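Examining the three-dimensional arrangement
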Amino acid sequence: MDRIAITGGARLNGSIPISGAKNSAIKLMAASLLTDEPLRLTNMPRLADTRFLGKLLMRLGVSVTESDGPDGQQTILHAPEITSGFAPYDLVRQMRASFNVLGPLVARSGQAKVSLPGGCTIGARPVDLHLQALEALGAKIDLHEGYVYAQAPRGLKGAEITFPFVSVGATEHAMLAAVLADGVTVIHNAACEPELVDLQECLNAMGAKVEGAGTPTVTITGVPRLKGATHAVIPDRIEMGTYAVAAAMAGGEVRLTNARPGLIDALLEKLKEAGAGVEETADGCIIRRNGSRLNAVDIETAPFPGFATDLQAQFMALMTTANGESRIRETIFENRFMHAPELMRLGADISVSGGEARVRGVEQLEGAEVMATDLRASVSLVIAGLVARGETTVSRIYHLDRGFERLEEKLGACGAQVRRIVGDGEPEL
Ligand code: EPZ
């Protein structure tokens, strides 16, 4: 398996273009199941996760064509008919968000059999809210042997859906299912993440009638059919935040482009509080840090517009060399501190108790061999490696490849010493 080696100590200077958002792209791809006309997605990231979903969609009857179009990387998805409503375990387990094909399949063809995704390393991550939403829309749901069987032979019906707590995936799933339902659906306590707004814009370009995404109440007036459309994927706010933290960690001056201001305000506020220079620009931001050490600051993860859980591991890496003690509270997932013991292999001083980690900043990290445990954890190790003395080698970087496009190239262009060591094909133990 491939590994990433980082030689610490180089400051970062330059510009990094931000790719399209993975967590939006994979929901937009699922929307292609809702129409017999082509959906053209531009600003598409090329990632392991988009490939996984493409593979599943092809099995369901969607042709998936990746190319370089007039406006950059694009994917054209076309499902003239649904040839199968079956999403098997071996494809869904590779990427949990594949489960979100269930709603569009039932909405378009009245039935589906989709594997339950199972848990993952950051938590149990049940799908009960997804199933409650589909049941509210009139689908008959049965669970057998790890599969969800959903049926709505006479179509879905608009309904009131009230989520007991905020779920990004369940809100998206309910939107994807309700656009073709008969009547009006109102989703209360909806997630407000920017990816929901992106999904609304794409669905509306396809002829849907969705309003309110980005607020806690989303209203969907069902339409009998959707058409093809072209839609540009929103910039990846987590990738943007990750490189902002990397620049603050390594020092220097990095301009993040092709992004959007306002997507990571909670992080930028914390970076300023820690002592980094932050300047918002029309298409992103500039992060600066001179030689002085950052101050420790506390964070608590929360749904948007709060501090994103997907930036928690990166911020923890940043705090490992800050001056003082930082308290990091994780409130979204129950097991999202697996990067802490790996950061400690680099010399970080961290103690974890329940949902809180205390990070006491040290003067200097030391390079070591470390292992990635999930996508965001893996990039936190790369960030720590940027300042660790000597060489840090990160293994199991297939996690990294799920969500960061051309990471070595983007960091390398700013002067980081980061290289990929191509593996010998042997699995890692
Ligand atoms: C999305 O996951 C993202 N994934 C995650 O990013 C992100 O961390 C998360 O939202 C929160 O922002 C994608 O978009 C593909 P949730 P999702 O439903 O939709 C519980 C990454 O690294 N819950 O908002 O799965 C759940 O267990 C990934 O890119 C239920 O209990 O998150 C969690 O504790 C990791 N029942 C909380 O809600 C349900 O039916 C929030 O999860 C659904 C969720």
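Data block above holds the structure.
Below is a summary of the structure that appears in this document.

Rules used in this analysis
Residues numbered from 1 in each chain as written. Predicted model: local features only at pLDDT ≥ 70, side-chain atom pairs only at ≥ 80, totals over all residues. Heavy atoms only, no water. Pairing = 2+ DSSP bridges. Helix = DSSP H or I, 4+ residues; strand = E, 2+ residues; numbered from the N terminus. Axes fitted to C-alpha atoms, helices over the stretch in contact; angles between N-to-C directions. Parallel < 35°, antiparallel > 145°, perpendicular 65-115°, else oblique. Contact = heavy atoms within 4.5 Å. Nonpolar A, V, L, I, M, F, W, Y, C, P; charged D, E, K, R; others polar.

Brief notes about the sheet that holds strand β6 (residues 86-87)
Backbone hydrogen bonds are what pair the strands of a sheet, in a parallel or an antiparallel way. Strand order in the open sheet formed by four strands is β6-β7-β9-β8, and the pairing between neighbours is mixed. Each edge of the open sheet carries a strand with a single partner, namely β6 and β8 (140-144). Where strand β7 (residues 111-115) and strand β9 (residues 147-151) come together, five bridges link them in antiparallel fashion. When the bridges of β9 are listed, S115 appears paired with Y147.

Quick look at unusual backbone geometry
In this chain, F304 is followed by P305 through a cis amide linkage whose omega measures 10°. The residue P305 is located in the loop between β18 (299-300) and α10 (312-319) in this model. Unlike most non-glycine residues, N258 shows phi in positive territory, near 60°. In this fold, N258 is placed in the loop between β15 (252-257) and α9 (265-274). One non-glycine residue, R396, lies in positive phi territory at about 55°. Looking at where R396 falls in the secondary structure, it is placed in the loop between β23 (391-395) and α13 (398-401).

Some details on the packing of α9 against α10
In contact at an axis separation of 12 Å, α9 and α10 are set at 5° when each is read in the N-to-C sense. Put simply, α9 runs roughly parallel to α10. Counting all contacts with α9, which are made through L267, K270, L271 and A274, the residues of α10 involved are F315, L318 and M319. The class makeup of the residues in the contact of α9 with α10 is six nonpolar, no polar and one charged.

Geometric descriptors of this kind do not, in isolation, establish any biological role.
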